[in-house]
Amino acid sequence: MLFELNNFIYSYGRNNRFQLGPLSLTLESDSITALVGSNGSGKTTLIRILLNELLQYGGDYTIDSVPVNDMSGSVPHTYGIGYAPEEPVLDERLSGYEIAYIVKEIHNIKKQEFDIFMARFRQLLQIGSWFEKSPCREYSQGMRRKVSLLAAFLGAYNYLIIDEPTNGLDPVAVFGVKKLLLSYKEQGKGVLVSSHILDFVEKIAQNVIILKNGTVAFAGKVQELLGSHPGMQLDEIYYNIFVNIPENSGFSL
């Protein structure tokens, strides 16, 4: 599956104060792509456009060369895209397990496949008895994140989009998310993951898109970006992109 944006532009906010684009991007569904940028750079807006939640834009958006113009909100289901937003949206009356089971039924997932997935997910993210026994309204931020990620993975037959997946998670669960994402990629499926945690990005992603003020500051291979800045970590490269410090300013880190 191939996502393509060509000469794309989207304006939003009061009096169109903010703008994403113009930009041209290609996302392939066989690798993990990280989406990074400062607050307000357009990351979540780009994700919502890819999911066809935002419609009034200029330029072209295609999936597998077919123009995306569906207005019914069915793009994730049509293309098998799982999505976990930055702020989990859950039915507060249901338990995490009940939500997972509903997703299973919607996607006609076989019981054996569902049970295997659930066992692995529970182990990697350290999910306890609260998952069956308590309604979502009683969950902590981390518990809600785990349920949201679980639902996204279950619905992601072809592609997975997750916005800030590590928010609220402890180090054990963060490691579990890394394992799940890498396993998903090994199955030949793709991921777009938006994150402010650059160490997390550097460990899992093959590609990276860096947005700055609504435009693309870099789009390409992570190793290509690292190779063009010898001796520098991704966080240091990112800092240099966003903060321009004049030479001989006397300022140092």
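Here is a short report on the structure shown in this document.

Here we come to the sheet that holds strand 3 (residues 32–37). Hydrogen bonds along the backbone pair up the strands of a sheet, which may run parallel or antiparallel. Within the open sheet, the 6 strands sit side by side as 6-7-8-3-9-10. Their pairing is mixed. Every interior strand has two partners, whereas the edge strands, strand 6 (81–84) and strand 10 (215–221), have only one. For this sheet the average axis-to-axis angle between neighbouring strands, irrespective of direction, equals 15 degrees. Inspection of the sheet shows strand 3 paired to strand 8 (residues 190–194) by 4 bridges, in the parallel sense. Along strand 8, the bridge assignment pairs T33 with L192. Here helix 7 (residues 171–186) sits on the sheet and contacts strand 3, strand 7 (159–163) and strand 8; the angle it forms with strand 7, its principal contact strand, is near 155 degrees. Helix 10 (residues 234–242) rests against strand 3, strand 9 (207–212) and strand 10 of the sheet, and its axis sits at about 25 degrees to strand 9.

Moving on to unusual backbone geometry. For the peptide bond that leads from G21 to P22, omega is 0 degrees, which places it in the cis range. Relative to the helices and strands, P22 is located in strand 2 (residues 18–28). For N52, which is not glycine, the phi torsion reads 65 degrees and is therefore positive. Mapped onto the secondary structure, N52 falls in the loop between helix 1 (43–50) and strand 4 (58–63). Within the chain, N213 stands out as a residue other than glycine whose phi angle is a positive 55 degrees. Considering the arrangement of structural elements, one finds N213 in the loop between strand 9 and strand 10. Residue classification places N213 among the exposed positions, given a relative accessible area of 63%.

On to the packing of aromatic side chains. Applying the stated criterion across every chain, the model contains 12 aromatic pairs. Judged by centre distance (6.1 Å) and plane angle (85 degrees), the rings of Y97 and F131 are edge-to-face. Of this pair, Y97 sits in helix 3 (residues 96–106) while F131 sits in helix 5 (residues 130–133), and the two are 34 residues apart along the sequence. By relative accessible area, Y97 is classed as partly exposed at 29%. For F131, a relative accessible area of 0% translates into the label buried. Relative to F242, the ring of Y238 has its centre 4.5 Å away and its plane inclined at 35 degrees; by these criteria the two rings are tilted. Note that Y238 and F242 are positioned in helix 10 at a spacing of 4 residues, about one turn of the helix. An aromatic cluster of at least three residues, connected via ring pairs, comprises Y97, Y101, F114, W130, F131 and Y139. The residue whose ring lies beneath K212 is F242, and the NZ or CZ to ring-centre distance is 5.9 Å.

Reading guide: rules and limits
Residues numbered from 1 in each chain as written. Predicted model: local features only at pLDDT ≥ 70, side-chain atom pairs only at ≥ 80, totals over all residues. Heavy atoms only, no water. Pairing = 2+ DSSP bridges. Helix = DSSP H or I, 4+ residues; strand = E, 2+ residues; numbered from the N terminus. Axes fitted to C-alpha atoms, helices over the stretch in contact; angles between N-to-C directions. Contact = heavy atoms within 4.5 Å. Buried < 20%, exposed > 50% of the residue type's maximum accessible area, 1.4 Å probe, protein only. Phe/Tyr/Trp six-rings, centres within 6.5 Å; stacked < 30°, edge-to-face > 60°. Lys NZ or Arg CZ within 6 Å of the ring centre and 35° of its normal.

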